[in-house]
Amino acid sequence: MIKTDKILHLKSSRGGKVRVVREHYLREDIPCFSALCLAGCANADGKVLSADLTHYVVPDAAVVRDFLEVLEFRELRGIVFTQTACQSVQHSRGRRQYNRLRSLLKDPRHDCVLFCNEFQRYAYCPREKGEAQDKWQTRCVYRAAVWYFDHLVGLKPVVMITEDPAAVTEYSSLNAGVYVISTQEYLQSFWPELQAAQELHGSIAQALQERESEGQERQYTEHLPAEVLEAGIKSGRYVQGTLNVNKHRAQLEAFVRVEGSTNKGTELNSDVLVCGAKLRNRAVHGDTVAVELLPRREWRGRNTALTEGEAEERAGEEPQSQPMPTGRVVGILQRNWRDYVVTFPPRDEVQSQSHNSQRILVTPWDYRLPRIRISTQQADALQGHRAIVRLDSWESTSLYPNGHFVRVLGKAGELETEIQTILTENSIHVAPFSEAQLREMPVNPWQVESGEVEVRRDLRDTHLVFSIDPQGCEDVDDTLSVRTLPGGAGLELGVHIADVTHFVREGTLTDLEARARATTYYLADRRYDMLPAVLSADLCSLLGGVDRYAMSVLWQLDAQTLAVKKVWFGRTLICSSYQLHYELAQSLLNGQEGAEPAELAELGPAERGQRLADLREALRLLTHVARQLRARRDEGGALELEGVEVRAQLDADGNITALVPRQPLEVHETVAECMIYANHWVARKIQEAFPHQALLRHHPAPRQEFFCQLTDSAKALGFSIDTRSNKVLADSLDRALDPEDPLVNRLLRMMATQAMSNALYFSTGALPLDQYEHYGLALDRYTHFTSPIRRYADVIVHRLLTAAIEKEKGVEANKALANNKELEALAHHINDKNRAAQHAQKQSTELFQCLYFKDKDPQVDERCVADAVVYAIRANGMLVFIPQYGVKGAVYLKNREGQVVSVRQDGSCEWESGSLQRYPDRISTSTTAGTHTFCLFHHITVRISVQSSRCHADRLWLEVISSRPHRAAPVPGAGQGAGHGRAELVQEVVRWAEEASQREAEGRGAAPKLSREEREFRQSRGPNLYTLLQEIRELALADLSSCQSAMPQPGPPPPACPTSA
Ligand SMILES: [Zn+2]
């Protein structure tokens, strides 16, 4: 080891320069991380550069600093990041960019490594006297490139890429085998087919250039330096929180959600209002900011009038107009910028807004973001298109933030563009599974491995195992068994779940991809699977008549009391005898004539009769057990909320032939109850084994004030709702029945659901025991174990359960479990992705609703007129629910001209000048024609039309046309009729989408309907309402907190943040 001195010039906090001399140790054994290494480097503990590449590429420090995004393309392989370049990012680009670089280096899906060139004796070059920093860095990087070439004895050409033309001239002919070229030339010559990378490079380069020529006039107050902010937050002078922009008044209103623990000194228990752009001071929705409170006399109240598109107000979030803490942003602690979808303006706007070159203002799809200024040469070609942009900076001299163009999504308004928009806006990345991932899949046809037979409990001959799912189900996560134990004093209940973790080993590419996705995504017309189809639809799926691996829970219960005498957890080998669907299972239970599973068709009459009787007996026992389990939870206060009412009927190919209102079958609940039971017991098991690092799911009791809307609305009808516990709430909801109108009970349950927060995953070490409770299910501990094919949380839980079993056996774990901190971070990630999945599902549903109404003339088409129920009153209108289509929306009683809705004798409505009077449970309009009062829960008739938007999502527009119920409205008993219109809607839109894709296919010539990815990687795109509905069923029954996101089901929307709703 050689010691030398390294001289650093650092900036002090006051802006001066400090010279620091550090001891610097040089070594010869710095590893190269190349698979080609012949020098015996210690490459084992890191990622390794593949050998099968044409070259390695070493980017200059400036390239890594400014064009990291380009290097993030997974197609670019064999990248060597030098220590010099990484330190340059750390020093000049801050923590965010540096973390990004670090995660790129860590991610095994990216073929890149870190080379500590400055510690490697033969690669290090000290800075020369008077040498400029960037020249020196470039020299270091070049030296590192040469070292690689020599170290690998010329086996691999090395390309250095730089943004410095002088470096190209200086170095390109110095060493044979080491090439020095510009980034642009590199992309053009080595990656000509990677158009997106070239465009991105061009667009960043242009943005950098433009920024240098910026104006100097200050538009905003400067942000305070980090240390001032930190001290101010500590002392209580400033408040820290996340900025939430009100999407209905994006220019005017934003709220800072105060983070409790960091703001102890300030005694604030409400959000802080920030009015207008100047006081928001360049903070963007989602940023973590520091705010200073204004003096009390300058405090303002929030607006209470309905604004366009508003229908998602959270219960209890009755807008108040009294003044609230109001402040101004003094600094930004963390930018939380993501990819944004924007729309390019039409040509005439471009011309008027820019006299110099190609700078244009683009409008984000998300209302909460300001317009973004970008530089591009493609403005003309892109008008009317949606594209992804990223933000770069927002200087105090600039009215708008600066960004750069990343890639185009397509023409605004087209289905594919809009779906891609929804995915991008929710940060959902679902590229087709890569070939490297698919190479990890087991060979198919697959067979039970003999080694596994020895270590698993073999249930194939001893247990009658069967599954009950909707018709046409492909990915069977769960199967059941039940039997009377010899002697008759005991029962044995079994839940057998797909053994996904046998196939998906921790740390593999498939595992990492599944973890990144965290869930299967269900949109209105398609799904994106968490796991490749070979697993989800085949090897992991517990299909009938084939041997499969499972993770099982077996309970020995007392035959009389059903008290648990013994529980067994472990890996098993099963062969499911019957793949039943719900209707068939119910018919078998009911002893219906002719009900018989297809599996028996081939058998002789005697055997057939015997096996049918066995199956019936099993179903009967199962129902008996589930009823008792349910009754026990009911005593604990389990809530029954809004359930699903439509289901898809599929043909043999899995196409939807019809959507029919669900017959509520007891067998649905039976299956759900068994799954809840298994989840509960597994939760107990892993929590006991790992009290500080097990993944559970809790559902906090709601805050009482959120129930205001529910209790007040119920009071208006003469019902009293008691919300003090889940038990009394469940009971009082059961009593709040209007015999005239079943919708009343449904709406009340919807409000109850909305008052609740989401159930969330957490690590047991992160919360005290008393916060483990699952309020909705009335269980003290809960987790997700039963759907590992579709949820990553279940995959983690399977691994934890395996570890718990091994721990019990005294087997040494071969891999350390995630600690509490890591697990809590993972839980947050999964919670975020679930939220994103819900939003995407809801937005795609709204997209389809708009597509359905878009081509209908609201003035003549009867389908545009519907019955609606008033469920909330606002200052200038009311919120209504349209059962027929499952649509919620605002109905205005006052228009922009100040006119109000006037109601005539026959109930018909028109606009006239007049006034509005609002009460808690009703709202009156008065005109010369008289006074009319709209009350909560009254039925009215509305006309539905589509309000088109160029830059944002289209919206449904509701207009009251009669104060009376719609004559064609479903009569009382709406529960049954309700599904019909919605079913029609979904069917029609699916048909529409199919036709559109057909037309498109025809347009392209005889293009196959499936893309290459779809055929090879089975990334499903077809209408997959079945899976969607399957998911909703489970959510609605098993986990009420998530049932808000249902597609054809009119559940309330996921609770929007109170401040932004
Ligand atoms: Zn080596």
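Provided above is the structure to which this section pertains.
Note that the structure is predicted; figures quoted are calculated from it, not measured. (Residues numbered from 1 in each chain as written. Predicted model: local features only at pLDDT ≥ 70, side-chain atom pairs only at ≥ 80, totals over all residues. Heavy atoms only, no water.)

A. Structural context of the environment of V239. Summarising the element assignment, V239 is placed in strand β8 (residues 238–245). Measuring from C-alpha to C-alpha, the distance between V239 and V258 comes to 7.1 Å, with 19 residues separating the pair along the chain. (Helix = DSSP H or I, 4+ residues; strand = E, 2+ residues; numbered from the N terminus.)

B. Representation of a nonpolar patch on the surface in the model. Side chains of L38, V153 and L155 sit close together on the surface and give an oily, nonpolar patch of about 320 Å² of accessible area. Counting through the fold element by element, V153 comes out in the loop between α4 (133–151) and β6 (158–162). On the accessibility criterion, V153 (57% relative accessible area) is exposed. (Patch = residues over 30% accessible without salt bridge, like charges linked within 9 Å, V, L, I, M, F, W, Y side chains within 5 Å. Areas by Shrake-Rupley, 256 points an atom, 1.4 Å probe, with all protein chains shown as cover. Salt bridge = Lys/Arg side-chain N within 4 Å of Asp/Glu carboxyl O. Buried < 20%, exposed > 50% of the residue type's maximum accessible area, 1.4 Å probe, protein only.)

C. A look at the coordination of the zinc ion. The protein atoms donating to the zinc ion are C32 (SG), C37 (SG), C41 (SG) and H151 (NE2), with metal-donor distances spanning 2.0 to 2.3 Å. One can describe the site at the zinc ion as tetrahedral: its four donor atoms subtend angles covering 101 to 114° at the metal. One chain supplies every donor to the zinc ion, and in sequence these donors are spaced C-x4-C-x3-C-x109-H. (Donors = N, O, S within 2.8 Å, 3.2 Å for Na, K, Ca; no water. Tetrahedral: all angles 85-135°; square planar, octahedral: opposite > 155°, others 65-115°.)

D. Seen up close, the nonpolar core. Counting 89 residues, the largest nonpolar core has F466, I468, L493, W555, L580, L695 and F785 as its most contacted members. Examining the composition of this core, we find that eleven residues originate from one element, helix α19 (residues 666–689), more than from any other. When near neighbours in sequence (up to four residues on either side) are disregarded, L493 contacts S481, V482, V553, L554, W555, L557, L622, V625, C674 and Y677. The next biggest cluster of nonpolar side chains, apart from the first, holds 58 residues, and it includes F706, V744, L879 and I940. (Core = buried A, V, L, I, M, F, W, Y, C linked by side-chain atoms within 4.5 Å. Contact = heavy atoms within 4.5 Å.)

E. Molecular detail of the pattern of salt bridges. Summed over the entire model, instances satisfying the criterion amount to 57 salt bridges. K135 is paired through a salt bridge with D164; the nearest N and O atoms lie 3.1 Å apart. With K135 in helix α4 and D164 in the loop between β6 and α5 (165–171), this residue pair connects regions lying 29 residues apart in the sequence. Judged by its relative accessible area of 38%, K135 falls in the partly exposed class. D722 is the salt-bridge partner of R724, the closest N and O atoms lying 2.5 Å from each other. Note on R724: relative accessible area 69%, which makes it exposed. What emerges from the salt-bridge pattern is a single network uniting D107, R109, E513 and R517.

F. Focus on the packing of helix α11 (residues 415–425) against helix α24 (residues 820–854). The interhelical angle for the contact between α11 and α24, taken along N-to-C directions, is 155°, at an axis separation of 10 Å. It follows from the interaxial angle that α11 and α24 lie roughly antiparallel. Considering only the axes of α11 and α24, their crossing is right-handed. Together, L415, E418, I419 and I422 of α11 and A840, Q843, S844, L847, F848 and L851 of α24 make up the contact between the two elements. When its residues are assigned to classes, the contact of α11 with α24 shows seven nonpolar, two polar and one charged. (Axes fitted to C-alpha atoms, helices over the stretch in contact; angles between N-to-C directions. Parallel < 35°, antiparallel > 145°, perpendicular 65-115°, else oblique. Left-handed = near helix turned anticlockwise from the far one by under 90°. Nonpolar A, V, L, I, M, F, W, Y, C, P; charged D, E, K, R; others polar.)

G. Structural context of the sheet that holds strand β17 (residues 402–411). Within the closed barrel, the five strands sit side by side as β13-β14-β15-β17-β16. Their pairing is mixed. Strand-to-strand twist in this sheet, taken as the mean axis angle between neighbours without regard to direction, amounts to 55°. The pairing of strand β13 (residues 340–343) with strand β16 (residues 385–393) spans four bridges and is antiparallel. Opposite T343, over in β16, you have R386 as the bridge partner. (Pairing = 2+ DSSP bridges.)

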